[in-house]
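# Overview (structure and organization)
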Amino acid sequence: MSRVLRAVGIAALSVLASGTLSGCGAIPQPRGDVALEQSANPSDVAEILDRYRDVRNTAISLLDPKPLSIVESGPVLAIDNGSFDVAQRLSRTQPEDERQLQVASVETPKFTQYPLWFMVTAFDPASRVNVVQVFERLTPVDPWLLVAAPQTLPATELPGLRHDDGHVIPVAAHNGKGMSMSPQRAAAAYAKALASMSGSSAVERDDFIKKRRAAFDQANRLEGVRVTQTWAAERVEHALRTDDGGALVWVTLLQLDTYTVDPGIKVSWPDGSPEQAFLANGISGSGKLRYYRQVLLFLPGGSNGKPRALGHYGGVIGGSAQAALSPIPAPGSNPLSPIDPFPIPNPTASPGEATPNPSPTSLPTARTHIDLNPDD
Amino acid sequence: MYNKAIGTVVLALGAFVAVFGLALMVILGPDGRFTSGPHAVDAKGVAVVTAPTVLSWKNVEIEILAEVPANKPVFVGVANSVDLQAYMKGVKRLEVTSFETPWKLRTRQAAGRDALPGAPTAVDWWRAHAAGLGGAAIKTRLPDETVSAAILSVGSSNLRGLKVTIAYGVQGAFLKGLGLLLVGGGLAWAGLLARRGESLWEPGEEADAEDSWSGDESPTVVLPRQAKANPTVPTAGDATEPGEEVHELYVYVDEHGVEHEISAEEAAQYEVVHEVEHVVDDAPEPEPEPEPDKADEPTTYFWVDENGVEHEVTEDELHEFELYDEDES
């Protein structure tokens, strides 16, 4: 056979073979084992974030928290509702360009059943903090909703997350394998540390605990005012395995402050503070304030690791006051000067920016006024 | 021998690939799919779904056509099994637990409420879906994840009188089969050539392609040449027949392409890379005819003096002179 014919034959075969082989990736084949796995895919995540941003901006523009209920749920929605109340009173808005969260990373765990959730880390240029959000879908017919959004300082580094096949690994609330305690126990221990005067040896006494305790002590130093504070951890729903075998845990804490004010004394908060939005007339007699605090806990791997907070997000979600039944004339003593029972790091928060600045060095600017009212 | 073994393997492989391609073309046809239906399905609830184990292939193109009488609304979709199982939780449904081609189903009836938790058209997790009045059809490629198919009633309707037609195949299967057939044919052809001892390349090209020979130790190419005497059929490529006289010559080709003859012992040190056969006629080439007069002509001797003048010399006087041939002088 001639050389030319052979060359043509070889070339034709090569073309055909490459053409056929290029489609080999699409050749039907059995999948092997049947694995029930689902996670949010990247295109879904982009859509979810865009939708969240649009709705949030609409709510901010309207100074109305109602639209948020279609993109937020649970504690985050409750906290944001509180912040919107404050913003409505003060008619505060944010510039448009500052409302855009800049997404830094998205981590999608795989699940075998509902609920599904994923984690987003974003920079909030308005507050100059990083937001570590969790979006969750409870059932197939529910939308994706923001359920957790603790904030960290830009300088705070999150622990590395362990991945399996490109997906982060969720940790069950009661799974304490490889750690000093389970995420649920860590949440309970952290709540206990917040409520305890002496703290708890099970958790690290971090800045968040120190500030909460300092605020509580300051409130109790008011003459004629007794404050009790209780903390309770809700069920842990979201935790991810870290590289060191530990866990990154989103903890929601309910803080209840109960005020008992002596007759003739009224506790009030300055205009613009979240507390004032719920207790416009202050507390005379007794009153309660409820807060949601979302804390991002790092539970280190190993048997000796103590959980510590990397960031937090919170605000007032409700308040009630009951006037004293039998007012007693004022004692005529000197009025108490304003003090700071609660450090509210970011009292001028605008809509959608309800959270206190997590900076450990931020100074509380909210004021709690204890007014002596001689007419009562 | 070595070439024959390789050729046989390539030939067999080519034949297998060609037969596979041909089978693909014949079974799936020009549209590349196999269709079955319509089949009546006795669906008492509001849904017919497949269990996660049923659709266990990936990259298969499937088509599902659901038809219901009286223009009732119907929905067809394929989704991740986690989504679909959660969606179907507590819903009265017919679950297909196994499926064999062309149409052999095993089903179980799951009890539950006669309503879906939400409109199927309102959720966003379908991989493929379609809805229509009286019928709906989808066409999708099965992904590399566990998915299930569902046929659902819409609104307050039901699935009584449901008929299902399915089709499955491979996109471009006919062309792929044709390609495999051609590739298989090519491989078979190459195998045949190899078995015959023919090369796809000319020996010279092969020699050029080899690394250059840097010394006596590794010649560029060693070519055993077989010369056979066959005066009647001098065709190259014929097998050597008994009785024919065979002379084997070994040559190596150096980096300049120059052939050097070597002995069989020397050639044994090298790898034989190419074999060339030359047929040589028995009849010897005719000797050139001697010039008739020159043969008998007596030799004449001359001596040349210093002036260039030739003088004839007899044979007896020759011992006095130094002899030179005429051309040399």
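Structure first, text after, so check above.
The paragraphs below set out a description of the structure included in this document. Keep in mind that this is a model prediction, so the values were computed, not measured.

## Observations regarding the overall build of chain B
Of regular secondary structure, chain B possesses six helices and 17 strands. Across the 329 residues that make up chain B, the buried fraction comes to 37%. Of the contacts made within chain B by residues no fewer than 6 positions apart, 76% connect residues no fewer than 24 positions apart. When the accessible surface of chain B is totalled, it reaches about 20200 Å², and 54% of it is carbon and sulfur.

## Side note on helix α5 (residues 207-220) of chain A
All names here are of chain A. End to end, α5 covers 20 Å across 14 residues, agreeing with the expected 20 Å (1.5 Å per residue, within 8%). Each element contacted by the buried residues of α5 is listed here: α4 (183-195), β9 (225-233), β13 (286-299) and β14 (308-322). A side-chain oxygen of the first residue of α5 lies 3.2 Å from the backbone nitrogen of phenylalanine 208; this N-cap is aspartate 206.

## With respect to the sheet that holds strand β1 (residues 33-40) of chain B
Within a sheet, neighbouring strands are paired by backbone hydrogen bonds and run either parallel or antiparallel to one another. Residue and element names in this part refer to chain B. The four strands are arranged β1-β11-β4-β9 in an open sheet whose pairing can be described as antiparallel. What marks the edges here is a single partner per strand, and that holds for β1 and β9 (135-141). Taken pair by pair, the neighbouring strands of this sheet meet at an average axis angle of 10°, ignoring direction. Pairing between strand β4 (residues 61-67) and β9: seven bridges, direction antiparallel. Residue isoleucine 62 lies in a different strand from β9, and its bridge partner there is threonine 140.

## Overview of the packing of aromatic side chains
Counted by the stated rule, this structure contains 13 aromatic pairs over all chains. Centroid distance B:Phe75 to B:Trp126: 4.8 Å. Interplanar angle 50°. Geometry classified as tilted. Of the two residues, B:Phe75 sits in strand β5 (residues 73-80) while B:Trp126 sits in strand β8 (residues 126-133), which places them 51 residues apart along the sequence. Residue classification places B:Phe75 among the buried positions, given a relative accessible area of 0%. Between B:Trp125 and B:Trp126, the aromatic rings sit 4.7 Å apart at their centres with planes inclined by 40°, giving tilted as the arrangement. B:Trp126 matches B:Trp125 in its accessibility class, with the two residues each being buried. An aromatic cluster is present here, built from A:Tyr52, A:Phe118, A:Phe135 and A:Trp144 joined pairwise through their rings.

## With respect to the sheet that holds strand β2 (residues 47-50) of chain B
All names here are of chain B. Spatially, six strands are ordered β7-β6-β2-β10-β5-β8 in an open sheet, and the strand pairing comes out mixed. Whereas interior strands pair on both sides, the edge strands pair on one side only; in this sheet they are β7 (104-110) and β8. Averaged over all pairs of adjacent strands, the angle between their axes in this sheet comes to 15°, without regard to strand direction. Relative to β7, strand β6 (residues 93-100) is paired through seven bridges, and the arrangement is antiparallel. Residue pairing for β7: glutamate 95 is matched across the bridge by arginine 108.

## Regarding the layout of surface pockets
Any empty space left between atoms is shown by rolling a water-sized probe over those atoms. As a volume, the second largest pocket reaches approximately 1100 Å³. Lining the second largest pocket are 42 residues; nearest its centre among them are B:Val60, B:Ile62, B:Thr101, B:Tyr168 and B:Gly169. Secondary-structure elements contributing two or more residues to the lining of the second largest pocket are α1 (3-22) of chain A together with α1 (2-28), β2, β4, β6, β10 (147-153), β11 (163-169) and α3 (173-196) of chain B. Tallied by class, the residues present in the lining of the second largest pocket amount to 34 nonpolar, five polar and three charged.

## Focus: the nonpolar core
If you look at the biggest cluster of nonpolar residues, it comprises 58 residues, and the most contacted ones within it are A:Phe118, A:Phe135, A:Trp250, B:Met88, B:Trp125, B:Trp126 and B:Leu152. A per-element tally of this core places helix α2 (residues 42-62) of chain A first, with seven residues. Each residue touching B:Leu152, except ones within four places of it in the same chain, is listed here: B:Val46, B:Ala47, B:Val74, B:Phe75, B:Tyr87, B:Met88, B:Leu116, B:Pro120, B:Trp126 and B:Leu159. Grouped together as the second largest cluster of nonpolar side chains are 28 residues, B:Ala51, B:Leu55, B:Ala130 and B:Ile166 included.

## What to know about the side chain of B:Thr146
Counting through the fold element by element, B:Thr146 comes out in the loop between β9 and β10. Using a relative accessible area of 3% as the deciding quantity, one classes B:Thr146 as buried. Excluding anything up to four places from it in sequence, B:Thr146 contacts A:Arg31, A:Val34, A:Ala35, A:Leu36, B:Pro52, B:Ala79, B:Asn80 and B:Ser81.

## Observations regarding the environment of A:Leu194
Residues and elements named next belong to chain A. Position of leucine 194 among the secondary structure elements: in helix α4. Judged by its relative accessible area of 0%, leucine 194 is buried. Dropping the residues within four chain positions of it, leucine 194 is found in contact with Phe208, Ile209, Arg212, Arg213, Gln229, Trp231 and Leu253.

## Concerning the side chain of B:Lys72
Residues and elements named next belong to chain B. With respect to the helices, strands and loops of the structure, lysine 72 is situated in the loop between β4 and β5. One buried charge, lysine 72, has no salt-bridge partner; the nearest side chain with opposite charge is aspartate 42, at 11 Å. When neighbours within four sequence positions are excluded, lysine 72 is seen to be in contact with Gly132, Leu133, Gly134, Ser157, Asn158, Leu159 and Arg160.

## A word on a negative patch on the surface
A cluster of acidic residues, B:Glu315, B:Asp316, B:Glu317 and B:Glu320, forms a negative patch on the protein surface. Structurally, B:Asp316 can be placed in the segment after β17 (310-313).

## Points about the packing of α4(A) against α5(A)
All names here are of chain A. Closest axis-to-axis distance for the α4/α5 pair is 9 Å, and the angle between their directions is 35°. Across the interface between the two elements, Tyr190, Ala193, Leu194 and Ala195 from α4 touch Phe208, Ile209, Arg212 and Arg213 from α5. Split into classes, the residues belonging to the contact of α4 with α5 amount to six nonpolar, no polar and two charged.

## Topic: a nonpolar patch on the surface
Residues and elements named next belong to chain B. A grouping of Leu22, Val26 and Ile27 is seen on the molecular surface, where their side chains present a nonpolar patch of about 320 Å² in accessible area. With respect to the helices and strands, the residue valine 26 is situated in helix α1. Classification of valine 26 as exposed rests on a relative accessible area of 63%.

## Thoughts on unusual backbone geometry
Omega for the peptide link from A:Tyr114 to A:Pro115 comes to 5°, which places this bond in the cis form. Along the chain, A:Pro115 falls in the loop between β2 (102-107) and β3 (116-124). Of note, the bond from B:Gly37 into B:Pro38 is cis; its omega dihedral lies within 30 degrees of zero at 5°. Positionally, B:Pro38 belongs in strand β1. Positive phi is not limited to glycine here, since B:Asn59 has a value of about 65°. Looking at the element boundaries, B:Asn59 is found in the loop between β3 (57-58) and β4. Look at B:Asn59 and you get buried, because its relative accessible area is 14%. We note that B:Asn71 has phi near 55°; this positive angle belongs to a residue other than glycine. Along the chain, the position of B:Asn71 falls in the loop between β4 and β5.

Procedures and definitions
- Per chain, residues are indexed from 1 in the order of the written sequence.
- Chain labels run from A onward and ligand labels from 1 onward, assigned in the order the entries are written.
- Totals for whole chains, interfaces and linings use all residues, but because this is a predicted model, local features are given only for residues with pLDDT of at least 70 and pairs of side-chain atoms are given and counted only at 80 or more.
- The basis for the side-chain values is all heavy atoms of the structure; hydrogens and waters are excluded.
- Secondary structure elements follow DSSP: runs of H or I of four or more residues count as helices, runs of E of two or more count as strands, with numbering from the N terminus.
- Between buried and exposed lies partly exposed: a residue is buried under 20% and exposed over 50% of the maximum accessible area for its type, with that area taken using a 1.4 Å probe on protein chains only.
- Contacts are assigned to residue pairs that have any heavy atoms within 4.5 Å of one another.
- Note on areas: Shrake-Rupley, 1.4 Å probe, and residue coverage restricted to the protein chains presented here.
- Expected span of a helix, by definition, is 1.5 Å for each gap between consecutive residues, and there is one gap fewer than residues.
- N or O atoms within 3.5 Å of each other form a polar contact, as long as, within protein, one can give a hydrogen and the other can take it, and as long as residues adjacent in sequence are counted only when both atoms are side-chain atoms.
- Two strands are counted as paired when DSSP detects at least two bridges linking them.
- Fitted lines through C-alpha atoms serve as axes, helices being fitted only where they are in contact, and the angles separating the N-to-C directions of these axes extend from 0 to 180 degrees.
- Pairing of aromatic side chains here covers Phe, Tyr and the six-membered ring of Trp, requires ring centres within 6.5 Å, and sorts the geometry by plane angle: under 30 degrees stacked, over 60 edge-to-face, intermediate tilted.
- With a 1 Å grid laid over protein atoms only, a set of points is called a cavity when a 1.4 Å probe fits there but cannot get out and a pocket when it is open yet has protein on both sides within 12 Å along at least five of seven lines; lining residues have an atom within 4 Å of a point.
- Grid points are joined across faces, edges and corners, and a volume is the space filled by probe spheres set on the points.
- Asp, Glu, Lys and Arg are counted as charged, while Ala, Val, Leu, Ile, Met, Phe, Trp, Tyr, Cys and Pro are counted as nonpolar; the rest, among them Gly, fall into the polar class.
- We define a nonpolar core as any set of buried Ala, Val, Leu, Ile, Met, Phe, Trp, Tyr and Cys residues linked to one another through side-chain atoms lying within 4.5 Å.
- Only four residue types enter the tally: Lys and Arg on the positive side, Asp and Glu on the negative side; His and the chain ends are excluded.
- When a carboxyl oxygen of Asp or Glu is within 4 Å of a side-chain nitrogen of Lys or Arg, the pair counts as a salt bridge.
- Only residues whose relative accessible area exceeds 30% and that form no salt bridge enter a patch; like-charged residues are grouped when within 9 Å of one another, and nonpolar side chains (Val, Leu, Ile, Met, Phe, Trp, Tyr) when within 5 Å.
- In this description, the location of a charge corresponds to atom NZ of lysine, CZ of arginine, CG of aspartate or CD of glutamate.

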